[in-house]
Amino acid sequence: MATDARADGSGREPIIVLEEVNKSYGPVHVLKGVSLSVGRGEKVVICGPSGSGKSTLIRCINGLEEHQGGRISVEGVQLGPKTLSAVRREIGMVFQSFNLFPHLTIKENCMLAPMEARGLSKAEAEERSLDYLKRVHIAEHAHKYPAQLSGGQQQRAAIARALCMQPRIMLFDEPTSALDPEMISEVLDTMMELAESGMTMVCVTHEMRFAQKVADRVVFMDQGAIAEVGPPDRLFNSPSSDRLALFLRRILTH
Amino acid sequence: MRFDFDYFLSLLFSTRFFEPVAIVIAVSATAMVIGVVVGTIGGIVSNSPLPLLQRLVRLYVTTIRGVPVLVQIVFWYNGLPALTGGAVNLSAYAAGIIALGINEGAYMTEIVRSGIQSVDRGQREASQALSLSYRSMMMKVILPQAVRIAIPPTGNQVVNLIKNTSLLFTVAIPEIFATGTNIFSANFKYFEVIAVVAIWYLLLAVGYGFLQRTLERRFAKGRRTLYDLAAA
Ligand SMILES: Nc1ncnc2c1ncn2[C@@H]1O[C@H](COP(=O)(O)OP(=O)(O)OP(=O)(O)O)[C@@H](O)[C@H]1O
Ligand SMILES: [Mg+2]
């Protein structure tokens, strides 16, 4: 049974709406009719076992993957070939492997898209990039290249780079999974500050502490479908499915 | 026959080869520019979503790589005028430079193509997520990284190209090898002359090697502060 996560019950205006989204890679059915609605300013954490389709789901939201069935709308605009760029305007994304541009400094990483895609002048882009680099507390490294920074600093730079496009929604795909343990909290702290600013956030993460603190709802995915959804307290303390209970035991003992 | 050491030295330090060497450098440089331009376009097309153009590029690469350079040179110089009934009649230099440049372009296409492909997939995804246009993504993100990967194999191509200019003796361009053949067919000092010819090619290859290493060091740093975003 696929849980319908369309209504979040908070009365927020929906900003992302997924209806019966299906996705296959050849014969492999990866998303099996996923429905989810995310309200403006809402923080949704997606968790689930490896291969359950978490990455695929959030990559469908900004069109990095094409979905084959169902509908995805962002700010009321239905995602399709013609609306792809309009939808992407609203969405920033942070990747597990940072994906910073290695040939550019941190500041240049942040300036590139505002200049190329938004037509900002160099001075405007520079000002904006320093502004966001300050917010993620790495302005002092602005002139360095990604390879000269720690993983945690690189990921915060990647967050700043996405924020420089002033998106209304931020997607995170396991932003701390590639980090050494001592660097995880600096990235999570940055994300929490971002959450406090009212940003709509969809985060794939297994950081339960983050989910407890920040998430309005937690979505548990299993085998390409949403198996359970609800506030973090209810999901973590009284999971209604054996699968979720098993999954929680696994990551907590991990 | 005895090795005429005095003659060898006098030929080596004569000015006989200055002009041929200059010709080889000029022809190689021009052909390489053609090769790099053609190869960059070919490499980008090979990685683009344009199936028809892609096939055309594949055909070009397969054809050029399968046909000896000598045959290509004769095609441009003698074959083309015959084909067009004399309407297209290239000078020896034009034919030679086009032949070597077009030949080089095929190899450069492969080098640029694989350079682009070896740039991490995540770089494209980040570019897309940041709303960069295809053009911006290529020019500002993918190609600058692909160039760094492509520089060492391109160096090998330059050395090959320098050596391939020797084939231009067939269209009577007075390059190094042609000059050598002229000399030994007059004095029959085959060994001395060919040794000098070989030394000149070797000097060019070694000299280029220095240039190449400087270039590689420049790019390997990857910390080019001269990278200016405003310069498009
Ligand atoms: N490009 C692809 N081609 C074929 N199959 C793919 C591709 N990408 C993902 N898959 C398959 O789709 C399924 C879901 O993958 P996805 O990456 O969304 O899972 P995930 O929940 O993010 O897992 P993880 O926790 O390991 O990141 C997996 O079975 C995976 O093997
Ligand atoms: Mg994943």
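Taking an unreviewed UniProt entry as the reference, chain B is identified by name as Polar amino acid transport system permease protein belonging to Azospirillum picis. What the UniProt record of chain B gives under Sequence similarities (unreviewed entry) is the line "Belongs to the binding-protein-dependent transport system permease family. HisMQ subfamily."

The name given to chain A in an unreviewed UniProt entry is ABC-type polar amino acid transport system ATPase subunit, with the source organism recorded as Azospirillum picis. Recorded in UniProt under Sequence similarities (unreviewed entry), the annotation for chain A is "Belongs to the ABC transporter superfamily."

Colleague: Can you lay out the environment of Val36(B) for me, pointing to particular residues and giving the numbers?
Modeller: Examined against the element boundaries, Val36(B) turns out to sit in helix H2 (residues 18–46). Here Val36(B) falls in the partly exposed class, since its relative accessible area comes to 34%.

Colleague: Residues and numbers for the UniProt feature "transmembrane region" (unreviewed entry) in chain B, please.
Modeller: All names here are of chain B. According to UniProt, the positions carrying the feature "transmembrane region" (unreviewed entry) are residues 20–45, 57–77, 83–103, 166–184 and 190–211. Overall, residues 57–77 shows 90% helix and 0% strand. The separation of its end C-alpha atoms is 23 Å. Secondary structure within residues 83–103 divides into 62% helix and 0% strand; the distance between the first and last C-alpha atoms comes to 20 Å.

Colleague: Quick rundown of a nonpolar patch on the surface? Include the residues and the values.
Modeller: Residues and elements named next belong to chain B. Together, Phe3, Phe5, Leu9, Phe13, Phe191 and Ile194 make up a nonpolar patch on the protein surface, roughly 600 Å² of accessible area in all. Elements with a contribution of two residues or more to the nonpolar patch: helix H1 (5–12) and helix H9 (190–221). Tracing the chain through its elements places Leu9 in helix H1.

Colleague: Explain the packing of helix H5 (residues 151–163) of chain A against helix H6 (residues 181–196) of chain A to me, using residue names and the numbers behind them.
Modeller: Residues and elements named next belong to chain A. With their axes 8 Å apart at the nearest point, H5 and H6 run at an angle of 20° to one another. With respect to H6, the element H5 is oriented roughly parallel. In terms of crossing hand, the pair formed by H5 and H6 is right-handed. Taken together, the residues of H6 that come into contact with H5 (itself represented by Gly151, Gly152, Gln153, Gln155, Arg156, Ile159 and Leu163) are Met183, Glu186, Val187, Thr190, Met191 and Leu194. Partitioning the contact of H5 with H6 into residue classes produces 6 nonpolar, 5 polar and 2 charged.

Colleague: Let's hear about unusual backbone geometry: which residues, and what values?
Modeller: The phi dihedral of Gln223(A) falls on the positive side, at around 50°, and the residue is not glycine. Inspection of the secondary structure puts Gln223(A) in the loop between strand E9 (217–222) and strand E10 (225–230).

Colleague: Can you explain the site of ligand 1? Please cite residues and give values.
Modeller: Residue and element names in this part refer to chain A. As a structural note, the neighbourhood of ligand 1 is formed by Tyr25, Val30, Pro49, Ser50, Gly51, Ser52, Gly53, Lys54, Ser55, Thr56 and Glu174. Residue Gly51 places a main-chain N or O atom 2.8 Å away from an oxygen atom belonging to ligand 1. Measuring from an oxygen atom of ligand 1, one finds a backbone N or O atom of Ser52 at 3.2 Å. Compared with its free state, where it exposes 630 Å², ligand 1 has 58% of that area covered by protein. At 3 residues, helix H1 (residues 54–61) tops the list of elements feeding residues into the shell around ligand 1. Of the residues in the shell around ligand 1, the class split is 3 nonpolar, 6 polar and 2 charged.

Criteria and cut-off values
As a convention, each chain's residues are numbered from 1 in the sequence order in which they are written. Chains and ligands are labelled by the order in which they are written, letters from A for the one and numbers from 1 for the other. The predicted origin of the model limits local features to residues at a pLDDT of at least 70 and limits the giving and counting of side-chain atom pairs to 80 or more, whereas totals for whole chains, interfaces and linings rest on all residues. Note that the side-chain values use all heavy atoms of the structure and ignore hydrogens as well as water. UniProt positions are given in the numbering used here, feature names are shortened, and annotations may be inferred rather than shown by experiment. Secondary structure counts use DSSP, requiring at least four H or I residues in a row for a helix and at least two E residues in a row for a strand, with both numbered from the N terminus. Burial classification: accessible surface area is computed with a 1.4 Å probe over protein chains only, and a residue below 20% of its type maximum counts as buried, one above 50% as exposed, and the rest as partly exposed. Patches draw on residues past 30% relative accessible area with no salt bridge. Two like charges within 9 Å are joined, as are two nonpolar side chains (Val, Leu, Ile, Met, Phe, Trp, Tyr) within 5 Å. To measure how exposed things are, a 1.4 Å probe is used in the Shrake-Rupley method; for residues, cover is taken only from the protein chains shown. A pairing counts as a salt bridge when a side-chain nitrogen of Lys or Arg comes within 4 Å of a carboxyl oxygen of Asp or Glu. Lines fitted to C-alpha atoms define the axes, with helix axes restricted to the stretch in contact, and inter-axis angles between N-to-C directions lie between 0 and 180 degrees. In these notes the angle categories are as follows: under 35 degrees is roughly parallel, over 145 is roughly antiparallel, 65 to 115 is roughly perpendicular, and the rest is oblique. Here a crossing is taken to be left-handed if its near helix is turned anticlockwise relative to the far helix by less than a right angle, and right-handed if that turn runs clockwise. Residues count as neighbours in contact if any of their non-hydrogen atoms are within 4.5 Å of one another. Note on residue classes: Ala, Val, Leu, Ile, Met, Phe, Trp, Tyr, Cys and Pro are nonpolar, Asp, Glu, Lys and Arg are charged, and everything else, Gly too, is polar. Nearness is judged by heavy atoms alone; a residue qualifies as near a molecule or strand once a single heavy atom is within 4 Å of it. As used in this structure description, the phrase polar contact means that two N or O atoms lie within 3.5 Å; if the pair is within protein, one of them must be able to donate a hydrogen and the other to accept it, and residues adjacent in sequence are counted only when both atoms belong to side chains.

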